Amino acid sequence: MTTFATAFVGAPEQVGAARRWLSGVLGHTPETHVPDDVRDAAALLVSECAANAIQHTHSGRPGRSFSLSVRVDPGRVRVEARNRRPYDALSAPRARRAAPDEENGRGLALVRAFAAEWGPLALEHGVFFTLTWQPDPGPDPGGTPPAAPAQAA
Ligand SMILES: Nc1ncnc2c1ncn2[C@@H]1O[C@H](COP(=O)(O)OP(=O)(O)OP(=O)(O)O)[C@@H](O)[C@H]1O
Ligand SMILES: [Mg+2]
């Protein structure tokens, strides 16, 4: 298991910074290789979570921040995006089915579509998602014996 965490100023240009941070982390995990498509999907989904933190919560106020943490295990990435309380006290992260002509309402639908699991954080404000893949098999602990050398005729 490897974990990383950081925080960003709650300003719109930080959405790209969050995406680059996560992509960088997932490109250098020491214990397991994260496939490129998983890394790309994680960066896409974290953009939506960061944008929501800035747009819908007090993390978007001047001087406020949102934070990210990521845990990587073989075959699984879990990302948590923490933010301050929402502007609307009744607002909670909910995936909608936006009508074709609606301009908004697709961010969490993307998270729902790509993630293995996702939802609001249980004890804090924010969202988590996980992505999974079939990890590379580790080295054979029994040690496969080397092939016998070919016999000369
Ligand atoms: N971190 C959050 N805290 C509280 N409510 C949230 C949070 N993120 C999203 N929401 C709520 O969930 C709704 C759906 O979010 P979603 O990202 O799907 O759409 P959107 O942000 O309204 O539009 P879009 O992402 O397409 O620009 C939001 O309108 C908001 O009410
Ligand atoms: Mg959104």
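My aim in this report is to walk through the structure given alongside it, one point at a time. (Residues numbered from 1 in each chain as written. Chains lettered and ligands numbered in written order. Predicted model: local features only at pLDDT ≥ 70, side-chain atom pairs only at ≥ 80, totals over all residues.)

1. Things to note about the packing of helix α2 (residues 36-56) against helix α3 (residues 107-114)
Stated formally: Every axis in this analysis is a line fitted to C-alpha atoms, fitted for helices over the stretch in contact. Angles between the N-to-C directions lie between 0 and 180 degrees. Counting from the N terminus, the helices are the DSSP runs of H or I reaching at least four residues and the strands are the DSSP runs of E reaching at least two. If you view the pair so one helix is near and one far, a crossing is left-handed when the near helix is turned anticlockwise from the far one by less than a right angle, and right-handed when it is turned clockwise. C-beta atoms are first placed from the backbone for all residues, and any pair lying within 7 Å is then listed as a contact. Note on residue classes: Ala, Val, Leu, Ile, Met, Phe, Trp, Tyr, Cys and Pro are nonpolar, Asp, Glu, Lys and Arg are charged, and everything else, Gly too, is polar.
Contact pair α2 / α3: the axes reach a minimum separation of 9 Å and the direction vectors enclose 150°. In the crossing of α2 with α3, the sense of the turn from one axis to the other is left-handed. Residues Ala-41, Leu-44, Leu-45, Glu-48, Ala-51 and Asn-52 of α2 pack against Gly-107, Leu-108, Leu-110, Val-111 and Phe-114 of α3. When grouped by side-chain class, the residues that make up the contact of α2 with α3 number eight nonpolar, two polar and one charged.

2. Observations regarding the nonpolar core
Which entries qualify depends on this criterion: Buried Ala, Val, Leu, Ile, Met, Phe, Trp, Tyr and Cys residues whose C-beta atoms connect them within 7 Å together make up a nonpolar core. Three classes are used. A residue is buried when 20 or more other C-beta atoms lie within 10 Å of its own, exposed when 12 or fewer do, and partly exposed in between, with C-beta atoms placed from the backbone.
Within the largest apolar cluster, 30 residues are counted, with the highest numbers of intra-cluster contacts made by Leu-22, Ala-42, Val-46, Ala-50, Val-79 and Ala-81. Of all the secondary structure elements, the ones that give two or more residues to this core are α1 (14-26), α2, β2 (65-73), β3 (76-82), α3 and β5 (126-132). Here this core gets eight residues from one element, more than from any other, and that element is α2. Filtering out sequence-adjacent residues up to four positions away, Ala-81 remains in contact with Val-46, Cys-49, Ala-50, Ala-53, Phe-66, Leu-68, Gly-126 and Val-127.

3. Topic: the packing of α1 against α2
Let me state the cut-off plainly: Geometric relationships in this document are graded by angle, where less than 35 degrees denotes roughly parallel, more than 145 denotes roughly antiparallel, 65 to 115 denotes roughly perpendicular, and other angles denote oblique.
Across the interface, α1 lies against α2 with an axial gap of 8 Å and an inter-helix angle of 150°. Classified by the angle between their axes, α1 and α2 sit roughly antiparallel to one another. Where α1 crosses over α2, the two elements pack in a sense that is right-handed. Of the residues in α2, those in contact with Gln-14, Val-15, Ala-18, Arg-19, Leu-22, Ser-23 and Leu-26 of α1 are Arg-39, Ala-42, Ala-43, Val-46, Ser-47, Ala-50 and Ala-51. Tallied by class, residues from the contact of α1 with α2 come to nine nonpolar, three polar and two charged.

4. Some details on the sheet that holds strand β1 (residues 2-9)
What counts, and what does not: At least two bridges found by DSSP between two strands are what make those strands a pair.
On the basis of which strands lie adjacent, the open sheet formed by five strands has the order β1-β2-β3-β5-β4 and antiparallel pairing. At either end of the open sheet lies a strand with only one pairing partner, and these are β1 and β4 (117-120). Along the sheet, successive strands turn relative to each other by an average axial angle of 10°, direction set aside. Here seven bridges tie β3 to β5, and the two strands are oriented antiparallel to one another. Bridged to Val-79 within β5 is Phe-129. On the sheet, α1 packs against β1, β2 and β3 and is oriented at approximately 165° with respect to β1.

5. Overview of the environment of Leu-68
Inspection of the secondary structure puts Leu-68 in strand β2. For Leu-68 and Asn-83, which are 15 residues apart along the polypeptide, the C-alpha to C-alpha distance reads 9.0 Å. Leu-68 has contacts with Ala-5, Thr-6, Ala-18, Leu-22, Val-46, Val-79, Glu-80 and Ala-81, leaving out every residue within four places of it along the chain.

6. Digging into α2
Think of an α-helix as turning once every 3.6 residues; residues three or four places apart then point the same way. Rules: Expected helix span is taken as 1.5 Å per residue step, with the number of steps being one fewer than the number of residues.
Compared with the 30 Å implied by 1.5 Å per residue over 21 residues, the 30 Å span of α2 between its first and last C-alpha is a close match. Where α2 is concerned, the buried positions are Arg-39, Ala-41, Ala-42, Leu-45, Val-46, Glu-48, Cys-49, Ala-50, Asn-52, Ala-53 and Ile-54. Elements that come into contact with the buried residues of α2 comprise α1, β2, β3, α3 and β5.

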